[in-house]
Amino acid sequence: MTSALPPQFDPRSLEAKLYAWWADQGQFAPAAEGDPYVIMLPPPNVTAQLHMGHGLNQAIQDTLARFERMRGRATLWLPGTDHAGIATQNMVEKLVAKEGKTRFDLGREAFERRVWDYVGETGATILEQIRAIGSSCDWSRTYFTLDPDLSRAVREVFVRLFEKGLIYRGKYIINWCPRCLTALSNEEAEKVETDGRIWKLRYPIEGGGTIPVATTRPETILGDSGIAVHPDDPRYAGLIGRMVRVPVADRLVPIVADEAVDPEFGSGAVKVTPAHDPTDFEIGRRHQLEAIDVMADDATMAGPVPARFQGLDRFVARKQIVAEFEALGLVEGVDNHHHAVGHCYRCDTVVEPRLSDQWFVRMAPLAKPALAAYRDGRLKFIPERRGEEYAQWMEGIRDWCISRQLWWGHRIPVWYCEAPGCGAISASRTDLTACATCGGPARQDDDVLDTWFSSWLVPFSSLGWPDQTPDLARYYPGDVLVTAPEILFFWVARMVMAGCEFMGDIPFHTVYLHGTVRDTQHRKMSKSLGNGIDPLDVVGAYGADALRYTVIAGTAVGTDLILDHEDIEGSFAPGRNFANKLWNAGRFILGSLTEVPRPLAGTHPNVVRREELGLADRWIIARCDHAVREATAAYQKFRLNDAATAIYHFLWSELADWYIEQVKPRLSGDQPGGDVARAVLAATFDVALRLLHPIMPFITETLW
RNA sequence: GGGCGGUUAGCUCAGUUGGUUAGAGCGCUACGUUGACAUCGUAGAGGUCACAAGUUCGAAUCUUGUACCGCCCACCA
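None of the values given here were measured: they were computed from a predicted structure. (Residues numbered from 1 in each chain as written. Chains lettered and ligands numbered in written order. Predicted model: local features only at pLDDT ≥ 70, side-chain atom pairs only at ≥ 80, totals over all residues. Heavy atoms only, no water.)

### Here we look at the pattern of salt bridges
Per the stated rule, a full pass over the model turns up 56 salt bridges. Note that R169 is salt-bridged to D357, the shortest N-O span being 3.1 Å. With a gap of 188 residues between them, R169 in strand 5 (residues 167-177) and D357 in strand 14 (residues 352-361) connect regions that are remote in the sequence. On the basis of relative accessibility, which here comes to 34%, the residue R169 falls in the partly exposed class. Judged by its relative accessible area of 31%, D357 falls in the partly exposed class. (Salt bridge = Lys/Arg side-chain N within 4 Å of Asp/Glu carboxyl O. Helix = DSSP H or I, 4+ residues; strand = E, 2+ residues; numbered from the N terminus. Buried < 20%, exposed > 50% of the residue type's maximum accessible area, 1.4 Å probe, protein only.)

### Things to note about the packing of aromatic side chains
Tallied over the entire structure, the rule returns 35 aromatic pairs. When the ring of Y168 is compared with that of F360, the centres are 5.5 Å apart and the planes differ by 20°; the resulting orientation is stacked. With Y168 in strand 5 and F360 in strand 14, this residue pair connects regions lying 192 residues apart in the sequence. Among the aromatic residues, those joined into a cluster by ring pairs are F158, F162, W359, W400, F453, W456, F460, W465, Y476 and F502. Positioned above the aromatic ring of W407, the side-chain terminus of R103 is 4.9 Å from the ring centre. (Phe/Tyr/Trp six-rings, centres within 6.5 Å; stacked < 30°, edge-to-face > 60°. Lys NZ or Arg CZ within 6 Å of the ring centre and 35° of its normal.)

### Some remarks on unusual backbone geometry
Glycine aside, a negative phi is what most residues show, and trans is what most peptide bonds show. Residue P383 is reached from I382 by a cis peptide bond, and omega for that bond is -5°. Among the structural elements, P383 can be located in the loop between strand 15 (380-382) and helix 10 (386-395). The peptide bond linking Y476 to P477 adopts the cis configuration, its omega dihedral lying at 0°. Here P477 is to be found in the loop between helix 13 (470-475) and strand 22 (480-483). A positive phi angle is found at A299, which is not glycine, with a value near 65°. If you trace the backbone, A299 turns up in the loop between helix 7 (278-286) and helix 8 (314-327). Relative accessible area serves as the criterion here: at 2%, A299 is assigned to the buried category. Positive phi values are uncommon outside glycine, yet F638 reaches one of about 65°.

### Re the side chain of T81
Note that T81 resides in strand 3 (residues 80-81). Apart from residues no more than four positions distant in its own chain, T81 is found in contact with P43, P44, V46, I126, L127, Y143, F144 and T145. (Contact = heavy atoms within 4.5 Å.)

### Describing the protein's contact with RNA strand B
Close to RNA strand B lie 40 residues; A214, D262, T279, I562 and W652 are nearest. For RNA strand B, the fraction of protein-proximal atoms (within 4 Å) that sit in sugar or phosphate groups is 62%. Taking T279, its side chain carries an N or O atom lying 2.6 Å from a base oxygen of RNA strand B. Within the contact set of RNA strand B, a sugar or linking oxygen lies 2.7 Å away from a side-chain nitrogen or oxygen of R587. Put simply, the parts of the chain that give the surface near RNA strand B at least two residues each are strand 8 (210-215), strand 13 (331-344), helix 10, helix 18 (573-592) and helix 20 (640-667). Top element by residues in the surface near RNA strand B is helix 18. It accounts for 9 residues. In terms of residue class, the surface near RNA strand B is built from 15 nonpolar, 11 polar and 14 charged. (Near = heavy atom within 4 Å. Polar contact = N/O pair within 3.5 Å; in protein donor to acceptor, adjacent residues only side chain to side chain. Nonpolar A, V, L, I, M, F, W, Y, C, P; charged D, E, K, R; others polar.)

### A closer look at the sheet that holds strand 9 (residues 226-229)
The 4 strands are arranged 10-11-9-12 in an open sheet whose pairing can be described as mixed. Only two strands of the sheet have a single partner each, and these edge strands are strand 10 (243-246) and strand 12 (269-272). Ignoring which end each strand starts from, the neighbouring axes of this sheet average 30° apart. Lying over the sheet, helix 7 contacts strand 9, strand 11 (251-257) and strand 12, oriented at roughly 85° with respect to strand 12. (Pairing = 2+ DSSP bridges. Axes fitted to C-alpha atoms, helices over the stretch in contact; angles between N-to-C directions.)

### Focus: helix 21 (residues 674-692)
With 19 residues, helix 21 ought to run about 27 Å at 1.5 Å a step, and its terminal C-alpha atoms sit 27 Å apart, in line with that. In terms of burial, helix 21 is largely enclosed, as 17 of its 19 residues are buried. (Expected span 1.5 Å × (residues − 1).)

### As for the packing of helix 9 (residues 364-375) against helix 10
Where helix 9 contacts helix 10, the axes come no closer than 10 Å and their chain directions differ by 155°. It follows that helix 9 is roughly antiparallel to helix 10 by the angle criterion. The chirality of how helix 9 crosses helix 10 is left-handed. Of the residues in helix 10, those in contact with A367, A370, L371, Y374 and R375 of helix 9 are G387, E388, Y390, A391, M394 and E395. Class assignment for the residues of the contact of helix 9 with helix 10 results in 7 nonpolar, 1 polar and 3 charged. (Parallel < 35°, antiparallel > 145°, perpendicular 65-115°, else oblique. Left-handed = near helix turned anticlockwise from the far one by under 90°.)

### Quick word on empty space enclosed by the protein
If you walk through the whole model with that rule in mind, you get 4 cavities of 30 Å³ or more. In this model, the largest cavity occupies a volume close to 90 Å³. Among the elements that line the lining of the largest cavity, the one with the most residues is helix 3 (residues 85-98), at 3 residues. A breakdown of the residues in the lining of the largest cavity according to their chemical character gives 7 nonpolar, 3 polar and 5 charged. (1 Å grid on protein atoms, 1.4 Å probe; cavity = no way out; pocket = protein on both sides within 12 Å on 5 of 7 lines; lining within 4 Å. Points joined across faces, edges and corners; volume = space filled by probe spheres on them.)

### Quick notes on the sheet that holds strand 8
Taken in spatial order, the 3 strands of this open sheet run 8-7-13, and their pairing is antiparallel. Two strands in the sheet have a free side with no partner beyond their single neighbour: strand 8 and strand 13. Taking each pair of neighbouring strands and ignoring which way they run, the sheet shows an average axis angle of 20°. Against the sheet, helix 8 engages strand 7 (189-204) and strand 13, with an angle of about 25° to strand 7.

### Topic: the nonpolar core
Across soluble globular proteins, nonpolar side chains have a tendency to be buried as a group. Counting residues in each nonpolar core, the largest one holds 82 residues, and the members touching the most others are M52, L651, L655 and Y659. When sequence neighbours within four positions are dropped, the list of residues in contact with Y659 reads A616, D617, I620, E654, R666, A677, V680 and L681. Counting 65 residues, the second-largest nonpolar core is a separate cluster that includes W400, V414, F453 and F508. (Core = buried A, V, L, I, M, F, W, Y, C linked by side-chain atoms within 4.5 Å.)

Remember that the coordinates give geometry; whether it matters functionally is a separate question.
Below, the structure written as structure tokens:
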């Protein structure tokens, strides 16, 4: 029997002590000895509500953590939350709105206090819920991205990048959310495939004739400052340099030649709106066309637009402009048009590409080592194909817009000198009260940083960086990151970049991307669709172990988990039934042990001798050995569903259905071989419990 | 528009380098309940592995094409 078991299941090992410790504490094992193993918990929003995606995510991570711990590794699983700038601010603004106020009525400081109060009330909830489903994180190291320590890291990083010339400020076209009233990064503007319309319009040329253009956003016509055609397009060769009168806006603009225009598309002539489109912005810059911003922050028409459009919503203006073109007889046609439109990832509002003054991080230098880490095999993805998505993103990396027009977050540590003639701009680790250059009055930037600007540092900022702490020395770099694929770019890719830049090493060597939890129609579970399942309901009804087993066994590596929100009982029946079976088998086995069972191996004088074992005994021992090998191999390969299935099969079909039934006669009274059967039952059940413990910790702990 | 994944039993899904009768859970059928468990047991039905062609002694597995479904990326107005 001993030879059948890998060394980590030696009852005298650390694992056995851990069991005892667990029983006392019901908590994580302190990282004390052994090879460190580090898992980063993806930080949920402080205000997040637990959903089944968390359930799946936690079950996977906790299974890995417990497995590694039982192998004797000093396992650190770091929990924490992020402050979720936009989402949290939105929630508190809603509360404030119920009092008939806006954040501007309260003022910045009072509003920030309100958010802190709110976070103080709700912030721990998500972590408590995660705890309730059994996650054995190291709660003593729980972090929050706005904690002083992590904020210090944010400043350190900002200043370092600033001094290195990797942070810059400038006027560019960014994604603007007119509802959240802030700039967004490219990743935060989700492209949604939309069936829209494209209008084909004619602009009159000065001196006679018209030129056809196409647009999906007629409201931007008010900001047109040119028409562009391809330099080699014979249709328009004679028109380059001529002036065109933009209808409705009533503005004279030139026809310019630019390589960016695709002569094959539409009419081959494109209206140029430098203030509201990235391509147009580039064209405008090359030809000195004016960037005319025609919208206010809330995307109502404003600025140099005719009076009748002032204050109109952009979509109302769109209709009205089309109507005016029709009245002028300048509409050539309108077609259905399928294209991708950006939406705010927090409120789903259509984002407005808009010229704006923002802070950016130059990403190309940071991406280089992060891409190399993947290319040379140091960074692995599970499933593997996800690595190509990562590589593709890294190769096409674009600069990161990091400023947000919010109040909730890390305020940008930049001070502008207000002394006349100085104009110094300083980034500082400490708050400045005066200009670092001339000593004049200094004013801090009003904006805050993107939440991910703190999240991308978490693998080391949560361990005390920039100080060289013992934690940092021992636990960086970590091992594995388990998360949903949605935040591959938001968070995972950027953590790798930050790790390379500030720690000189990648923060983890394995990125495990699990699937998405969906309903039976394969729709993502979401609050708005009402198709979610609350993990706490499942825990309450069937237990955390049933939840964990069901989701672990139900999802192969990288595949989605389909659950039926209309049949929760049915969805979680596998786990519930298995927990029940295990419990009853345990009751029977423990009840049959009349005394301390004889050991199957070792030097004990009463050890079961090989020749005492019957055919059934030898068979179940062999099957047990097989299950250990199968499950251990599966755990190591992250094939948790295979591990779950292997243990399930051994426990249910082989041990319970077959062996227990087989030895029942021997167990009654004082039958010959009864003590051997008891010894085999105890030993094999013990092994099965340990094997299963990472997946079903509560019931196995209790039985053991 | 570019890249990628999926299509296997009524349902949800496994199937690890091509190799005997393709598996699991749930559901279904028949029978079974005095002692671990009906959240159970025993037995069983159910699949031309999306479709077409190809490679091979042999294909769910490899190649090509087709059709649906889905994901990621993208400044064709």
